[in-house]
Amino acid sequence: MKDNNTIHALRIPFKIRAASNLIIERFVYVYLIFGERIYLIDSGFAGSEKVIYEYIKTQDRKPEEIAAIILTHSHPDHIGSAKSIKRTTNCKIYVHEAEAVWVEDTNRQFKERPVPDFHNLVEGSVSVDGFLQDGGFANLEEDLSLEIIHTPGHSEGSVSILYKNESTLFTGDCLIAPGDLPIYENIADVAESIHKLQKIDDIEFLLSSWESPIQGRSNISRRMTESLKYLNQIHQLILRISGAGPVEPMELCKLVIESLGLPPAAVNPLVAKGFASNLAYSGKIL
Ligand SMILES: [Zn+2]
């Protein structure tokens, strides 16, 4: 899909082989910015480089023109093919400092955050060339400058990226759409990050990793509100269930996922960890 002449959205499907031969079908978006050279927002999972290179060729450009990958965060479906792309193109890799260790040491990431099928999703560790800082700019070319907005919550060093000249905001996994797997580390940070994004004016394109591009200010504003409402629904469920007495984290996760009508595969330690952060949060989400 082509959004405009500069930004191109690639939807790349993949499968996660979870426990008991359960196959989870997912997809992730990788975004390409075409300037004098080419810049990627995230790199997809291991093997995505083939899809990215093929697409670049259909646009009469060359994969060797990739100059940098800007990572919204370090999770497998975002960094998976970064190693291969850097090896082929010698591009630079940028990520928030809090995520760098998991990019540069993927075995450590797996030890600390054991995502099913991790080693099929991530090719391996890759060195980081620079850090993305809140309020900082990635000045890629004369007319191509990206503003970095630190939006923690989904992970500590998650960032959103504002491309002002194109009225475009890349949000990575920051916004959780209703019905999506609610994966986050810290609910207080997620709520604060979405509130921060709501204050940005003049956005015409919202480009997240887990859903199709959203165009138009009212649609974008609605999506952010829906995300907060969904998180608030989850928060209220957690408070209600835990209010009845102590409950084990995985049991709490199971009860909440069932109430939300999400598939049983959503009952997992990653989701349970996020829900535990709700128990410690006494602030508001909406
Ligand atoms: Zn993620």
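This text goes with the structure placed above it.
What you are looking at is a predicted structure, and each value in this text was computed from that prediction instead of being measured.

The next thing to look at is the coordination of the zinc ion. Only His-73 (NE2), His-75 (ND1), His-154 (NE2) and Asp-173 (OD) from the protein coordinate the zinc ion, and they sit 2.1 to 2.2 Å from it. Here the zinc ion binds four donor atoms, and the angle range of 88 to 177° at the metal identifies the geometry as irregular. Between consecutive donor residues of the zinc ion, the sequence gaps follow H-x1-H-x78-H-x18-D. Taken together, the positions of His-75 in the loop between strand 4 (66-70) and helix 2 (76-79) and Asp-173 in the loop between strand 10 (168-172) and helix 7 (187-198) put the pair 98 residues apart, joining distant regions of the chain. In this pair, the class of His-75 matches that of Asp-173, namely buried.

Evaluated as defined, the whole model comprises twelve salt bridges. As a salt-bridge pair, Glu-226 and Arg-223 come within 2.3 Å of each other at their nearest N and O atoms. One end of the pair is Glu-226 and the other is Arg-223, both in helix 8 (residues 217-243) and three residues apart, which spans about a single turn. Classification of Glu-226 by relative accessible area gives partly exposed; the value is 29%. For Glu-258, the salt bridge identified is with Lys-254, shortest N-O distance 3.4 Å. Taken as a pair, Glu-258 and Lys-254 lie in helix 9 (residues 249-260) at a separation of four residues, close to a single helical turn. Through salt bridges that share partners, Asp-202, Glu-204 and Arg-217 make up one connected network.

What counts and what doesn't
Residues numbered from 1 in each chain as written. Predicted model: local features only at pLDDT ≥ 70, side-chain atom pairs only at ≥ 80, totals over all residues. Heavy atoms only, no water. Donors = N, O, S within 2.8 Å, 3.2 Å for Na, K, Ca; no water. Tetrahedral: all angles 85-135°; square planar, octahedral: opposite > 155°, others 65-115°. Helix = DSSP H or I, 4+ residues; strand = E, 2+ residues; numbered from the N terminus. Buried < 20%, exposed > 50% of the residue type's maximum accessible area, 1.4 Å probe, protein only. Salt bridge = Lys/Arg side-chain N within 4 Å of Asp/Glu carboxyl O.

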